[in-house]
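Here are the chains, one letter per residue:
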Amino acid sequence: MRTITSASGQEEAVTVRRSESADAQGIDSLISPSALAVFGRVNVIHLLEKANLAVTLANDKEEILAHASFFDHPVGDLVEQNRWEPFLQKHFSSKKCTPLNTLFLHLFVAQPNFGTASVKEIMRAVFNAVAELEYICLVSPNVGGLEPALDEMFEPLQRLTDPGPQCLALICHRHEHYPRLHIRPARVEDHDDIMRIFTEQTKILSKRQPYFLAELIETQNEENPTAVCESDGVAVGFISVTSEVDLKRLQDSFELSEFDGLYKHIKHDESASQSESTEEENQTTQTSDSQQQEETQSTEAGRFSEKPNAFCIQFFIIDKNYETRSVDFIPYVFRLFPDLDFCIITVPMLSPEFVLLQSFLRVPHRDTRSLHCELYVLSRTGLRSVEVRPAVATDRPSVSDLVKDLRLNESLLQDLDCFYETRRDPDGVPVQAFVAQVHSQVVGILIMKDEQDIEYIRAHYNIENFIYFSHHHYEEHAQILHFVLKPSFQHFTKHLFKEVLRLAQKSCLYHRIYPSYHSQENSCIHHLDFVLNCAVPVRPRRQIIYPLEELGINAPSTQITEDQEPFALSLISRKLTMEPKVTINARIVVVGASDTGLSFLEVLCFCPHLRFNNLTLISTHGFPSDYNHEDIGFLSTSHAYSRRDLAQLPLRACVSAVTGKMVGINRKSKYVLVSGGKKVPYDHLILCTGLQYQIPSPTGVDLSQPVTNSQLQAQSAHHTYSGPVPSNLFTLNDLCDCMAARRWLCANFVELEDNAVVYGNSIDVFTTVETLLSLGIQGYRIHLVLPPPKLGVSCFSDPVMEKAVATAMEKAEVQVHNNCLLARMNNGEHPDPLTSVSFTTDAEPLHLHCGVFINLSNKGVDYNVFKSINNSFLVFDSRLVINATFQTRDSAIYAAGPLTKFSRCYHADEWSHANFSSKEVGQDLAATMLPLFDPTQEPADEPPPEMDRLIPLYKQAKIQGGKLPGGYNYLHVTKPSTTSLTGAPAEHLQDRSVVTGRVETGNYFCLHLDCYELVETLTCFSLKPLPVSNYLCLYGKHQQLLGQLLTRYQQGLIHDLYSFFRQSWCLAVYHDRFSDFEQELQQITSTTDDESRQQVMEDAADSNVLLQGRFKDAESRASLRSSAVKYLSYNRNLLPMFAYPGQL
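Residue numbering note: each chain is counted from 1, following its sequence as written. For this predicted model, a pLDDT threshold of at least 70 governs which residues receive local features, and a threshold of 80 or more governs which side-chain atom pairs are given and counted, while totals over whole chains, interfaces and linings are taken from all residues. Side-chain metrics rest on all non-hydrogen atoms present in the structure, leaving aside hydrogens and water.

The name an unreviewed UniProt entry assigns to the protein is Cilia and flagella associated protein 61, from the organism Dicentrarchus labrax.

What follows is the structure in structure tokens.
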């Protein structure tokens, strides 16, 4: 915080922060007549929404002392926002004002006593925050008198025309508030000033090298110069650069092809080359590995030489108060090496990104890298200023040359031609094209079209987390079609987007990322990272499944309900073009594409102010498959991530996938060994592999002698199968396994007469049987072999459903064998292909011919995962042991999900992550780790001793669903408990159960309420498809919110819950923002209750207490009604079936 002094001498500790919508009321109260005279009437919310930069000056009590809003164009309608530059240059002396270095003040308000001090502090902060900013102008058609504070801050622009436009034209210069720093060579006398900064910021200097810095300054030369930046004669920053760079090592570790390997290619003619080589042979020179070396190569056209073309920043530090002026060093160091075109810097992975790096381009790694650091590059050409303008026909050859090596370049050129010819695409949608040029050379292009699906986007994505939708006209939304920018100018990307929005008079730009299977991909983006570094990822919204036929004309518009290909969405708005992002280079490796791992990555990818550069997913099949669970079948589902859900996440754009299994962990060197030999280095390792079905290991008993299961129990032990895996044995663990099995069955089995043996004892065996039947395999060919069940464990929550499934299988002639243990495959001979299997039972052994064996048994920790954990000496006690904050015994390794168990010190063996929603566990893991990376979050406090032995408990439901034999659609939703999802059914009070329909008729629906009348269990068993997304919203809701469900049921008014929950009133409950509305209602009622209780206690003897109580009750009802009306009105695009005030 800084201290300012009012005109009367009052001091206040203040901070300058970005304005928020919550500041609007306070800002509005500060608007004075003099502010209106200069800036005109303003809508503060609209101003905050459209401003490129809005800042608020607040004291330590969060009271607003002042506010200023800055735009990239003048106030009002004096001139079109895309034409202000020629306007100012014509009428005023403003040739140095460009869109890159100029902002315009659109509003300044302050408390009267703090006007002058506030405007000085705000100007200082704005010039500090925006490094490229040189001028702040106040150009307004209103020529009212300035407030004294502004009059003191601004000076008039010199007019060039007389009489000229009637307007106010003033300017404020950087050098008056936050000047550029003076850069000069470092001297030994600077040592003490620089050491002060070192001691504050780093511990790199050891006691053995106290004069390291002095030696660096004293020994500087042309190849190793040093420099300082100074303010008021005091050194506030230091830099050391060198031209001695090991380019070979850098090329081995980083993708430097776009920079010509950091070499300069010099061509020679043949004769000149020969004479030069002769001279070189006659000379003897001594070189070291660190000196510049020149390589000469021969080609058919002659000879050329490669000279190193880069210098390196080897040491840099600057006072925190001046770090935004780090860029002042860059032109100076380039002047030190006039023959070199690239400046590079390497930083440790875990080093937070400092301001200087924001001007550099991060270089991607090679898979074979040997240097475990980040490399940043800045080209000399990147020092030049970029101009953005509308594309013209003469730009086409330059654009064609710019994109000639890019994929989908033809699509870009076709759209550019459409822009030149008709300004519209083939569908008639307006198209605009803009180029970025440097010294008349085209270095970038952006083509966009008006966003035609903005209602669809608003309904399906949470864009209102970032914008007030009502303050943006429909024509102000645009979609990025193509974006190409030379890497040397990537640090101008935000400026390019800001300029495009201004020139096109748009307020929002959207970028869609379609999944790989999308056949109509035609967007040329190079590089995608440039866009993602500037844009914010937008979360998809949970969708209501509407009964469209029943709603009729009351259904939402077809623009909202139409089925479009899913995509991940990113947004760039005007106010986001100056919003900084924090870059995280830490290597975060997630092992396992489980629900837990995916939800962890989802949270990290959707952090709007963080950009994770090194997220890696190690999975057996890489990214989760693009298959639909309903289309593939075989396994049950948790309904956590559907194919559509995954397509709406930016995982493929933000996460690198490594296909393979983890086979080792090297904790000392910090890498994961993957099958195939690849090493994946990490700084933070997240183990989320979950549990998998394992290939069964036959007991190997001699079946020539009578043997039963009871005789095996005492001697049986768990063994890992180590023999060859039969080609017709399928162990199904994910959709890729299921798809492979499905293809094999269709190609090699369906038309034959062999048996299909399904082995296991979970709900998955029943969904697999249904899939086999749906493939056309006759029931008599399917043998369902069930191992002995665990005590008290059932596949279904209700025995009546188990009976109905058994009846359906019996009707389909599926052969069911109970209490069987696999004894032999192919009678102990070579198992591939598998032709027969034998089992021990409670009586006679079971022998079956086998054409295909589908294994869904022996669920546990994968053997390779176990071996990796065990060999790295992490604690494993039937599961990987963690503490309450997901940590293993290694502080760099975290784990979550069913793979884990809590340490025995918690005395909570009955609880583990397996008892909870894996998706919620992954989200909590991300929330636990984010303070390690997010500078806006305070590190978690150490829990008090009495809380240190408590494990976290979660509230979201455990979900299981699938299609069962007989064509039954099954859904079971229940609260977390110490009994697993497939465990024994919990006891429920009969008067708290709501049941309609029967299992046998395929219309069974059961709800259980807890003691607070909240829905705690939901079970559906239906022959018709289920609107699962809708039904999941019922969990945890009070029965009164569900249309007085319990009362109506007890009165005999509800006969079919399926019909009841299809009524239009329920759609408000299914809305994704209903939970927020519910919390608002709870706050209103709790506040009213507290006030009523206090009033009763104070006026217990007053005869008017009853009357006041009625008044309070009436007041609370009015508040509740008002909130309900606001909820329905605000969301009327998705809830048009509800009437609201003013509609009728």
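Colleague: So what exactly am I meant to see when it comes to the pairing of strand S43 (residues 846-849) here?
Modeller: Every other side chain in a regular strand lies on the same face of the sheet, so the side chains alternate between the two faces. Residues Leu-846 and Leu-848 of S43 are buried on one face, while the alternating residues His-847 and His-849, pointing to the opposite face, are not. Relative to S43, strand S42 (residues 836-840) is paired through four bridges, and the arrangement is antiparallel. Bridging across to S43, Ser-838 finds its partner in His-847. We call a residue buried when its accessible area falls under 20% of the maximum for its residue type, exposed when it is over 50%, and partly exposed in between, using a 1.4 Å probe and counting protein chains only. Put simply, DSSP marks the helices as runs of H or I at least four residues long and the strands as runs of E at least two long, and each gets a number from the N terminus on. At least two DSSP bridges between two strands are required for those strands to pair.

Colleague: Where do I start with the side chain of Thr-708 in this structure?
Modeller: Relative to the helices and strands, Thr-708 resides in the loop between strand S36 (692-693) and helix H23 (709-712). In this structure Thr-708 comes out as buried when scored by relative accessible area, which is 18%. We call two residues contacting when some pair of their heavy atoms lies within 4.5 Å. In this structure Thr-708 touches Thr-841, Asp-842 and Ala-843, once residues within four positions along its chain are discounted.

Colleague: Just to check I follow, could you spell out the sheet that holds strand S47 (residues 893-895) for this structure?
Modeller: Pairing between the strands of a sheet is mediated by backbone hydrogen bonds and can be parallel or antiparallel. Spatial strand order, S31-S30-S28-S35-S47: five strands in an open sheet with parallel pairing. Both edges of this open sheet fall to strand S31 (655-659) and S47, since each of them pairs with a single strand only. Pairwise comparison of adjacent strand axes, ignoring direction, gives a mean angle of 20° for this sheet. Examined bridge by bridge, strand S35 (residues 684-687) and S47 share three bridges and lie parallel to one another. Paired with Leu-687 across the two strands is Ala-895, which belongs to S47. All axes here are fitted lines through C-alpha atoms, helices being fitted over the stretch that makes contact, and every angle between N-to-C directions spans 0 to 180 degrees. Its contacts with the sheet put helix H19 (residues 595-605) on strand S28 (588-591), strand S30 (615-619), S31 and S35, and the angle it makes with S28 is roughly 155°.

Colleague: For this particular structure, what's the right way to read the packing of aromatic side chains?
Modeller: Aromatic ring pairs are described here by two measures, namely the spacing of the ring centres and the angle between the planes. Pairs were defined over the aromatic rings of Phe, Tyr and Trp, the Trp ring being its six-membered one, requiring ring centres within 6.5 Å. Orientation was assigned from the angle between planes: stacked under 30 degrees, edge-to-face over 60, tilted for the rest. With the rule as written, the count across this model stands at 34 aromatic pairs. Their ring planes at 25° and their centres at 5.2 Å tell us that Phe-483 and Phe-497 sit as a pair that is stacked. Of this pair, Phe-483 sits in strand S22 (residues 477-485) while Phe-497 sits in helix H15 (residues 493-504), placing them 14 residues apart in sequence. For Phe-483, a relative accessible area of 0% translates into the label buried.

Colleague: Help me understand the nonpolar core, please; the structure alone is not making it clear to me.
Modeller: The tendency in soluble globular proteins is for nonpolar side chains to be buried side by side. To define a nonpolar core, start from buried Ala, Val, Leu, Ile, Met, Phe, Trp, Tyr and Cys residues and group those joined through side-chain atoms within 4.5 Å. By size, the foremost hydrophobic cluster in this structure holds 69 residues, and its most contacted members are Phe-600 and Leu-687. Tallying contributions element by element places H19 first for this core, with six residues. In this view, Phe-600 contacts Ile-588, Val-590, Ile-686, Gly-922, Leu-925, Ala-926 and Met-929; residues no more than four positions away in its chain are not counted.

Colleague: Would you take a moment to explain the sheet that holds strand S40 (residues 815-817) for this structure?
Modeller: Strand order in this open sheet of five strands is S37-S44-S38-S39-S40, and the pairing throughout is parallel. Each having just a single partner strand, strand S37 (729-731) and S40 make up the two edges of the open sheet. Averaged over neighbouring strand pairs, the angle between their axes works out to 20° when direction is ignored. For strand S38 (residues 756-760) and strand S39 (residues 782-785), the ladder comprises four bridges, and the chain directions are parallel. Bridge pairing links Val-758 to Leu-784 in S39. Along the sheet face, helix H24 (residues 735-748) touches S37 and strand S44 (852-856) and points at about 155° away from the line of S37. Across the sheet, helix H25 (residues 763-774) is in contact with S38, S39 and S44; its angle to S38 comes to roughly 165°.

Colleague: Would you mind going over the pairing of S22 with me for this structure?
Modeller: Across the nine residues that make up S22, a large majority, nine, are buried. Pairing of strand S21 (residues 441-450) with S22 involves seven bridges; the strand directions are antiparallel. For Lys-449, the partnering residue across the bridge sits in S22 and is Gln-479. Handedness of a crossover is defined as follows: with both strands directed away from the viewer, a clockwise route from the first strand across the helix to the second makes it right-handed. Tracing the backbone out of S22, into H15 and back to the parallel element strand S23 (residues 508-513) gives a crossover that is right-handed. Pairing of S22 with strand S24 (residues 525-526) involves two bridges; the strand directions are parallel. Bridge pairing links Phe-483 to Ile-525 in S24.

Colleague: Looking at this model, I keep getting lost on the side chain of Asn-462. Mind explaining?
Modeller: Note on placement: Asn-462 falls in the loop between helix H14 (454-460) and S22. The contact partners of Asn-462, leaving out residues within four places of it in the chain, are Val-538, Arg-539, Pro-540, Arg-541, Asp-1072 and Arg-1073.

Colleague: Is there a simple way to explain unusual backbone geometry in this structure?
Modeller: Apart from glycine, the bulk of residues carry a negative phi angle, and the bulk of peptide bonds sit in the trans form. In the segment running from His-526 into His-527, the intervening peptide bond is cis, with an omega of 0°. Structurally, His-527 can be placed in the loop between S24 and helix H16 (528-534). Residue Pro-833 is reached from Asp-832 by a cis peptide bond, and omega for that bond is -5°. Along the polypeptide, Pro-833 turns up in the loop between strand S41 (821-825) and S42. Positive phi values are uncommon outside glycine, yet Asn-827 reaches one of about 55°.

Colleague: Can you help me understand the pattern of salt bridges in this one?
Modeller: When the charged atoms of two side chains with opposite charge come close together, those side chains can pair. We define a salt bridge as a side-chain nitrogen of Lys or Arg found within 4 Å of a carboxyl oxygen belonging to Asp or Glu. Overall, the coordinates contain 45 salt bridges when judged by the stated rule. With a closest N to O distance of 2.7 Å, Asp-328 and Arg-325 form a salt bridge. The two residues Asp-328 and Arg-325 agree in class, both being buried. It is possible to trace a salt-bridge network through shared partners that takes in Glu-134, Arg-174, Arg-180, Arg-325 and Asp-328.

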